[in-house]
Structure formats: structure tokens, C-alpha cells
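# Architecture and fold: a report
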Amino acid sequence: MRKNIVAGNWKMNKNVFEAQQFMFQLLDYKRNNATNCEVYIAPPALYLMMAKDLYKANEIGIFSQDMSEHGSGAYTGEISAGMLESIGATGALIGHSERRQYHGETDSHCNRKIKLALDKGLTPIYCNGETLEQRKSGKHLEVVKNQTEVALFTLSAAEIKKVVIAYEPVWAIGTGETASPDQAQEIHAHIRNLIADKYGKDVADEISILYGGSVKPENAKEIFSKPDIDGGLIGGAALNIVDFSKIIEGFNV
Ligand code: 13P
């Protein structure tokens, strides 16, 4: 059975005091409320150790927002899979659209990063999704197919089962515009079918596929109710505990 997951991507937000306050609030929430999903946070890398110290019991997954495509060496500013493993991080976001847009990241980079992450026992959350122009020109299914194939299809069946996928249409990120639950479901089913064609239905059914793009307390429940949507990767609404916890509760019946 695949997991339901709500993950918060803080992006480049919060100073150390705000980060610590939120981490305490989330721990307090988790300890006092039964949740029907796994809860992950992806704070800026600077705060990962703090999260690890606080979440000793691993009740909350700790993810970096990116990691290097290289194992180690002269790559100033980068963080390796081995470093993340050594602090006990759960995994890394890979291929977020903001990394693609501002840092020239491609699916080939993602493929290398995903392999390095898996080699170190980390969970990669591989992000993909089409731009507005690509959707308007009716190319969204083809774009997501290419992304998925290049980034993931060199993996073995055992490896791909350990990957979490986040479909994040670029036009819905931080814009307030959300893909409708049906639009998201269409792409999620498409991704799952691609994986089923290549690796078999059993493998495809094991993989959690999250939706990201303006998920809020008001729309989370309906989005999560779709059969191929296994949770959310949340940006803006993951920055305050009230909204984030309401989104987590999108999985409560
Ligand atoms: P928003 O929820 O702010 O649209 O961001 C989504 C996202 O990019 C999560 O990685």
C-alpha cells in the first residue's frame, strides 16, 4: 500500500527563530493529533540539523530542498547525498520547478541526483510538471511523459518503488491558481500508467504521487480524495501551522 503524504516546502523563507518555532509547533501538533498521512518538511538546508535534533523519534520526515548531482568534491555551495545521509535526513526534493527555472536544472540532472539519493538510502521526491504555455498548447501529457521517462526510467523496479513523485504544474505554483482536482487526477493517472507500462501495475501502485500548486486548507480534502493523488507538496500554506495542520487533516474522514 502506498503512503499518503503531506510535505511542506518552505523554499527560502523563515529565519532561525521562526524555523525553530514552527518545528516545535508541528511536533506539538503531531504528538497531540492522530494523522492519516506521513508528514514531511523541507526547510532551508541550514535548518536541517535543527529539525533532526528535534525530531529524534522520526515522527516527521526531514527533506532538503535540493542536493548535488555529484558525490563529493570541489562543488562550492552544494550539499551531497552522503551529507544528508550522515545527518539522518529522510530525503531530498529533486527537480523542483524553481530549480529548473532559476538554476538550469534538467531531467538528466534529476536522474543523476535521484540515483545518488537512492544509493544513500534517501527518499527522492521528484518534481515535474508543465508550464502554462505547454498546457495551453495541449502538450502537458507529452511534457510530463518525457520528464518522467528521462528522470526515472533508468531505475530498476526496486529503485523506482522508493521514489515519491510530485506533480507540480508550474502555472499553479504560488499563483493562487490550482489545477482542478480533475486536471490533477488526469496527470497523476497518466504518470501511474506510464510507470505501469514500463514496470508493471504492482510497481506503479506502490508509488506515492503528490500534487503541488496552491494547495490550501479549502481545497486539500477534495484534491486528496482523487484516486491517484496520494497527498500534497505544499509551499505557501506550509509556512504557518494553522494552514499546514488543516491540510494534513485533509486526510481525515
Ligand atoms: P505553493 O503551494 O506556494 O503554490 O507552492 C507549491 C510548491 O512549489 C511546493 O513545492
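As a reminder, the structure under discussion sits directly above these lines.
So, a few notes on the structure that sits alongside this text. (Residues numbered from 1 in each chain as written. Predicted model: local features only at pLDDT ≥ 70, side-chain atom pairs only at ≥ 80, totals over all residues. Heavy atoms only, no water.)

## A word on the pattern of salt bridges
Within the structure shown, the criterion is met by 16 salt bridges. Note that E130 is salt-bridged to R135, the shortest N-O span being 2.7 Å. Residues E130 and R135 agree in their burial class; the two are buried. A salt bridge links D230 to R192, with the nearest nitrogen and oxygen atoms 2.8 Å apart. You can see D230 sitting in the loop between helix 11 (217–224) and strand 8 (231–234) and its partner R192 sitting in helix 9 (residues 181–199), a full 38 residues away along the chain. R192 shares its class with D230; the two are buried. (Salt bridge = Lys/Arg side-chain N within 4 Å of Asp/Glu carboxyl O. Buried < 20%, exposed > 50% of the residue type's maximum accessible area, 1.4 Å probe, protein only. Helix = DSSP H or I, 4+ residues; strand = E, 2+ residues; numbered from the N terminus.)

## A word on the sheet that holds strand 6 (residues 164–167)
With parallel pairing, eight strands are arranged side by side around a closed barrel as 1-2-3-4-5-6-7-8. Going from strand to strand, the sheet's axes swing by 25 degrees on average, the running direction of each strand aside. Across four bridges, the pairing between strand 5 (residues 123–128) and strand 6 is parallel. Paired with I125 across the two strands is V164, which belongs to strand 6. (Pairing = 2+ DSSP bridges. Axes fitted to C-alpha atoms, helices over the stretch in contact; angles between N-to-C directions.)

## Structural notes on the site of the ligand
Surrounding the ligand, one finds 13 residues, the nearest of these being K11, H96, G174, S214 and G236. Take K11: an N or O atom from its side chain is 2.8 Å from an oxygen atom of the ligand. One of the backbone N or O atoms of G174 is found 2.7 Å from an oxygen atom in the ligand. Its free accessible area being 300 Å², the ligand has 95% of it covered by the protein chains. Classifying every residue of the shell around the ligand by side-chain character gives four nonpolar, seven polar and two charged. (Near = heavy atom within 4 Å. Polar contact = N/O pair within 3.5 Å; in protein donor to acceptor, adjacent residues only side chain to side chain. Areas by Shrake-Rupley, 256 points an atom, 1.4 Å probe, with all protein chains shown as cover. Nonpolar A, V, L, I, M, F, W, Y, C, P; charged D, E, K, R; others polar.)

## Here's the deal with the pairing of strand 5
Burial within strand 5 is extensive, with five of its six residues counted as buried. In the sheet, strand 4 (residues 91–94) pairs with strand 5 via four bridges, with the strands oriented parallel. Residue pairing in the sheet places L93 in a bridge with I125 of strand 5.

## Description of the side chain of S208
Among the structural elements, S208 can be located in the loop between helix 10 (201–206) and strand 7 (209–212). Contact partners of S208, with chain neighbours within four places excluded, come to R2, K3, I5, V164, I165 and D230. (Contact = heavy atoms within 4.5 Å.)

## Quick word on the packing of helix 7 (residues 140–152) against helix 9
One can describe the packing of helix 7 onto helix 9 by two numbers: an axis separation of 10 Å at closest approach and a directional angle of 45 degrees. It follows from the interaxial angle that helix 7 and helix 9 lie oblique. Here helix 7 runs over helix 9; the crossing is right-handed. Of the residues in helix 9, those touching helix 7 at H140, L141, V144, K145, T148 and L152 are E186, I187, H190, I191, L194 and Y199. Across the contact of helix 7 with helix 9, the residue classes break down as seven nonpolar, three polar and two charged. (Parallel < 35°, antiparallel > 145°, perpendicular 65-115°, else oblique. Left-handed = near helix turned anticlockwise from the far one by under 90°.)

Remember that the coordinates give geometry; whether it matters functionally is a separate question.
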